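Below, each chain spelled out in residue letters.
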Amino acid sequence: MDSGWSIRGRLFSLWLLMLIVVSLAVYWSTNAVVERSLREGQDRNLQAVAQVILDSAVKTDATIDFELPYQAFEVLAYSAPERIYYAVFLDSEILSGYDDLPLSESPEQSSYGEIYRGESTRFYVAGKPIRPGSNEQFRVVIGQTETSYQKQSSTIAAWIAFAVLASFALLALWAELSLRHALKPVVAIEKDLIARPADDFSPIERRVPSEVVRLVQTLNRIFDQHRGLLQENRAFIAEATHQIKTPIAAILMRAELLEREVEDGSRSAVKDLIIRARYASKLATQLLMRATLTYREVLGARDQVDIGALVAGILRALDPVAEIKDVGLVGNNLESAEFIIFGDRIALREGITCLIDNAIDYAPSLTDVEVSVRHDGGRVCVTVMDSGPGIDQQELGRAFDTTKRSGGHAGLGLSIVEKVAASHRGELMISNREGGGTRCDLWFATS
Amino acid sequence: MRSLVCYVLILLSLESYALEIEGEFLVGQGSDELTVIGTSDFSRVQPVFAGFVGSHREVRIHYLQMSSREIDAAVRAGLSSDIDLVMSSAVDLQVRLVNDGYAQQLDARFDQRLTWRNELIQLAVEPVVTIFNRARFPNLGTVNSRRELAHKLDGNEVKNLQITMYDPAISGVGYLLSRQDLIQDEHFWQLLEVLEQHDFRLNCCSGDMIDQVVSGQSTLAYNVLESYVLPRLANAPELEILRFDDYQLAIPRTAFVPKQANDADLANALVNYFVSEDGQKRLVPSVRLDVVQSNRGGGPIKPIRITPALIVHLDESNRRRFFSRWDAVVNTP
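What counts, and at which threshold
Residues numbered from 1 in each chain as written. Chains lettered and ligands numbered in written order. Predicted model: local features only at pLDDT ≥ 70, side-chain atom pairs only at ≥ 80, totals over all residues. Heavy atoms only, no water. Helix = DSSP H or I, 4+ residues; strand = E, 2+ residues; numbered from the N terminus. Rg over C-alpha atoms; globule rule 2.2 N^0.38 Å. Buried < 20%, exposed > 50% of the residue type's maximum accessible area, 1.4 Å probe, protein only. Contact = heavy atoms within 4.5 Å. Areas by Shrake-Rupley, 256 points an atom, 1.4 Å probe, with all protein chains shown as cover. Domains from an automatic or database assignment. Buried area = accessible area lost by both parts, 1.4 Å probe. Salt bridge = Lys/Arg side-chain N within 4 Å of Asp/Glu carboxyl O. Polar contact = N/O pair within 3.5 Å; in protein donor to acceptor, adjacent residues only side chain to side chain. Nonpolar A, V, L, I, M, F, W, Y, C, P; charged D, E, K, R; others polar. Axes fitted to C-alpha atoms, helices over the stretch in contact; angles between N-to-C directions. Parallel < 35°, antiparallel > 145°, perpendicular 65-115°, else oblique. Disulfide = S-S within 2.5 Å. Patch = residues over 30% accessible without salt bridge, like charges linked within 9 Å, V, L, I, M, F, W, Y side chains within 5 Å. Phe/Tyr/Trp six-rings, centres within 6.5 Å; stacked < 30°, edge-to-face > 60°. Lys NZ or Arg CZ within 6 Å of the ring centre and 35° of its normal. Pairing = 2+ DSSP bridges.

For chain B, the helix and strand inventory stands at twelve helices and 15 strands. For chain B, the C-alpha radius of gyration of 20 Å lies close to 20 Å, the compact-globule estimate for 333 residues. Expressed as lengths along the three principal axes of its C-alpha atoms, the size of chain B is roughly 65 × 45 × 40 Å. The burial tally for chain B puts 57% of its 333 residues in the buried class. The contacts of chain B with a sequence gap of at least 6 include a subset with a gap of at least 24, amounting to 78%. Of the roughly 13,600 Å² of accessible surface on chain B, 48% is carried by carbon and sulfur atoms.

Right, dumping it as structure tokens:
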């Protein structure tokens, strides 16, 4: 199974996303709050200066006498290295100062921000009637640029956002450590399962945290079921071997005895009985073999197998059978260090035996069955060639079909071979030889 | 001294404003011309300029000496982009020009005490002292503060001394010094009242006041630039400096690079050289920036702070207010 993503990776990207969003939000909100509070402080300073000028105003005969206090401006100048502007009005007539200062949009608004001479500037306007009840207003406007205040607030905001970022990073590290700690029992179970042999279905005994108890219980139940199924399967095979093969052997024995005793007229019928009984015996053996192979596949027992040596042993074992049929068994090129593959020795032996046995069955008397092994492109191939009738083009595809039989032979043989090939990541290729006969190439992956 | 200066009207490459120039000088042979306008006597800045072109062979400095008011008017009228640096001792006018946005940021970051907004930079300081003629008034050397001076001149002990000081109505420096005196000490008006009881004359310039004290025409001159006094001491044995213990004012000489300067890099290089140890060594010792820390007798030196608060001195209504008081004190018969 291919794993497309990891929990840690997903958590990390979610975390990172949240981190970015939170930091931006913190930066933005801190900046707004700090800028606002700095601005309020600046407005209070401006207000103080405006108020001092306003309070210094004295009505004289012709006009109004007032003082621009050096010290008050100095205090303002000390607060930040900003430009300072001022203007003093009697109603709309300017008495002193910068005559192009922007005025507030509404008369009630005393503090306001404007872009003046290309810079963001705060202004404060204060006014009072020149004498009680008079409509004539004495007004003072004080302005100060706010570049350094803005810089200050964004610096503070950046620091706070950075602090948030750092603490979140620390939290993330902590979460990673906790996650690793929390997953420890699960990892231990995983290791247990990997180390466990394939036929070990004992329950997991490890003490596990309450969160994974149900998982482990479920696993244990599945183990239990598997163990039951396998035991049943094993028992069935043993039973079937006994229960099927014994009566067939008895029938065969009786039929052979009968053949000698019956008259010539009935003999051909008895002979037919014997052939069918033999076929049934073989079919039963092959069915059981298939079941055994399935069971072995579940077990997954594997080790290093020298295919060359294995073939040589099979040839020796099948020699008597071939001799009865007057067929020669020829082994070629069986010795090489390259013929070692990783697989189930018993399954391989059964598969190759079936293949050669099949060839002996088809081979006409006084011909040879040639068996050779070769190594090609990371695979090992066992080639079996006979000089029999070959296989019809239509039948090539049906050769492995367990329900078909051809020429009175049991049809399960090739399907067993196919099964062994598949469980070793190999394949079986059957073709007709030029000049008659069948060629079978059985491939296995070396690892 | 001022009479020696020939007034030259030179129309620079300005659209509408004719610069009224007191002197025009060239330092160096290089092909890159750096134009500086300033109030300083050329002889004061020449050694620094020479040091600069000595290490920048490709540069020649074109120095135009002008009055501080001329400089202010010229900058406001729109300077030619030829002009790369504006130097002046009228710190109030300089601060107002920078406040109004005529300067650009300097490249280097300077000490906060030396600069405002990193646009206006202090190049030198000009301490201010009081001088008297020892032959005319021998006891004055024991006076330590302005209050003591007022006390000494107030009695019947001495009468009809010839006393001189800057006329604030004519001299920008004189006006600035009087305003700063008032900020330091509210009793300044009382001192003026005492001075006014004597033969009190107002003057335009430090040089003239020193001449008068040296010749005996005046007994005492209040607030003169120390750097003009020091070279005269050798040839005038009766000339004596009075350094008060309460405080000693000093005027910063400041400079900025105008916004439209087309050779700002070179101007910055000159500024950096000016405040460097090498540049400062070429100034007379009494105007170097470190004079504030040096132990030169008298009370603490208080250079006028480079602050935008100075713009209130220049405000017409504040001027009016000052002069109505001044006239009440000084010009009453």
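Continuing now.
Often, the extent of an interface is quoted as the loss of accessible area upon association of its parts. Segmentation of chain A into domains returns domain 1 (7-155), domain 2 (196-301) and domain 3 (302-447). Summarising the inter-unit geometry, the C-alpha centres of domain 1 of chain A and domain 3 of chain A are found 99 Å apart.

The next thing to look at is the domain arrangement of chain B. Residues and elements named next belong to chain B. Parsing chain B into structural domains produces domain 1 (2-125 + 252-301) and domain 2 (128-249 + 310-330). Here the C-alpha centre of domain 2 lies 28 Å away from the C-alpha centre of domain 1. At the junction of the two partners, domain 1 supplies 18 residues and domain 2 supplies 20 residues. Buried area between domain 1 and domain 2, both sides added, is near 1,700 Å², and the carbon and sulfur share of it is 52%. Sorting the residues of domain 1 by area buried against domain 2 places Arg69, Asp92 and Arg296 first, and these three jointly supply 31% of that buried surface. The interface formed by domain 1 and domain 2 contains zero salt bridges. Linking domain 1 to domain 2 there are six residue pairs in polar contact (both at pLDDT 80 or more). When grouped by side-chain class, the residues that make up the side of domain 1 that touches domain 2 number six nonpolar, five polar and seven charged.

Turning to unusual backbone geometry, a few remarks are in order. Within the chain, Arg425 of chain A stands out as a residue other than glycine whose phi angle is a positive 50°. Within the fold, Arg425 of chain A resides in the loop between helix H9 (412-423) and strand E13 (427-432). In this model, Asn223 of chain B sits at a positive phi of 60°, which is unusual for a non-glycine residue. Counting through the fold element by element, Asn223 of chain B comes out in strand E12 (residues 220-225).

Further remarks concern the packing of helix H5 (residues 264-299) of chain A against H9 of chain A. Residues and elements named next belong to chain A. For the pair H5 and H9, the least separation of the axes is 10 Å and the interaxial angle reads 10°. The orientation of H5 with respect to H9, classified from their angle, is roughly parallel. For the pair H5 and H9, contact is made by Leu283, Gln286, Leu287, Met289, Arg290, Leu293, Thr294 and Glu297 and by Leu412, Gly413, Ser415, Ile416, Lys419, Val420 and Ser423, respectively.

This model, assessed by the stated rule, comprises one disulfide over all chains. Across a sulfur-sulfur distance of 2.1 Å, Cys204 of chain B and Cys205 of chain B are joined as a disulfide pair. Here the S-S torsion is close to -80°, and the disulfide linking Cys204 of chain B with Cys205 of chain B is therefore left-handed. By relative accessible area, Cys204 of chain B is classed as partly exposed at 28%. Its sulfur unpaired, Cys354 of chain A is 12 Å from the next cysteine sulfur, which belongs to Cys440 of chain A. In this model Cys381 of chain A remains outside any disulfide bridge; the closest cysteine sulfur is found in Cys440 of chain A, 10 Å from its own.

On to a nonpolar patch on the surface. Residues and elements named next belong to chain A. A surface patch of nonpolar side chains, about 410 Å² in accessible area, is lined by Phe12, Leu16, Ile20 and Leu24. For Ile20, the location among the structural elements is in helix H1 (residues 7-56). By relative accessible area, which is 47% here, Ile20 ends up partly exposed.

What follows deals with the packing of aromatic side chains. Inspection of the entire model under this criterion finds 22 aromatic pairs over all chains. When the ring of Tyr85 of chain A is compared with that of Tyr116 of chain A, the centres are 4.8 Å apart and the planes differ by 85°; the resulting orientation is edge-to-face. On the criterion of sequence distance, the pair formed by Tyr85 of chain A in strand E3 (residues 84-90) and Tyr116 of chain A in strand E5 (residues 111-116) is long-range, its members being 31 residues apart. You'll find Tyr85 of chain A and Tyr116 of chain A in the same group, each marked buried. A centroid spacing of 6.0 Å and a plane angle of 90° characterise the contact between Tyr86 of chain A and Tyr98 of chain A, whose relative ring orientation is edge-to-face. With Tyr86 of chain A in strand E3 and Tyr98 of chain A in the loop between strand E4 (93-97) and E5, this pair connects stretches of sequence that are twelve residues apart. In this pair, the class of Tyr86 of chain A matches that of Tyr98 of chain A, namely buried. A connected cluster of aromatic rings, assembled from ring pairs, spans Phe73, Tyr85, Tyr86, Tyr98, Tyr112, Tyr116 and Phe123 of chain A. In this arrangement the basic side chain of Arg139 of chain A is found over the ring face of Phe89 of chain A, its NZ or CZ atom lying 5.4 Å from the centre. Over the aromatic face of Tyr175 of chain B sits the side chain of Arg319 of chain B, whose NZ or CZ is 4.5 Å from the ring centroid.

In this section: the interface of chain A and chain B. Listed as interface residues are 22 residues of chain A and, on the opposing side, 22 residues of chain B. Counting the surface lost from both chain A and chain B, the interface buries some 1,900 Å², and carbon and sulfur atoms represent 45% of this. Across the chain A-chain B interface, the total number found is five salt bridges. Residue Arg83 of chain A pairs with Glu119 of chain B through a salt bridge whose shortest N-O separation is 3.5 Å. The tally of links from chain A across to chain B stands at 15 residue pairs in polar contact (both at pLDDT 80 or more).

Across a sheet, paired strands are connected by hydrogen bonds in the backbone, their directions being either parallel or antiparallel. Residue and element names in this part refer to chain A. In spatial order, the strands read E4-E3-E7-E6-E5; together these five strands make up an open sheet with antiparallel pairing. Both outer strands of the open sheet, E4 and E5, are each paired with one neighbouring strand and no more. The sheet shows a mean angle of 25° between the axes of neighbouring strands, taken without regard to direction. Strand direction decides the pairing type here: E3 and E4, joined by four bridges, are antiparallel. The residue bridging Val88 from the neighbouring strand is Ser96, located in E4.

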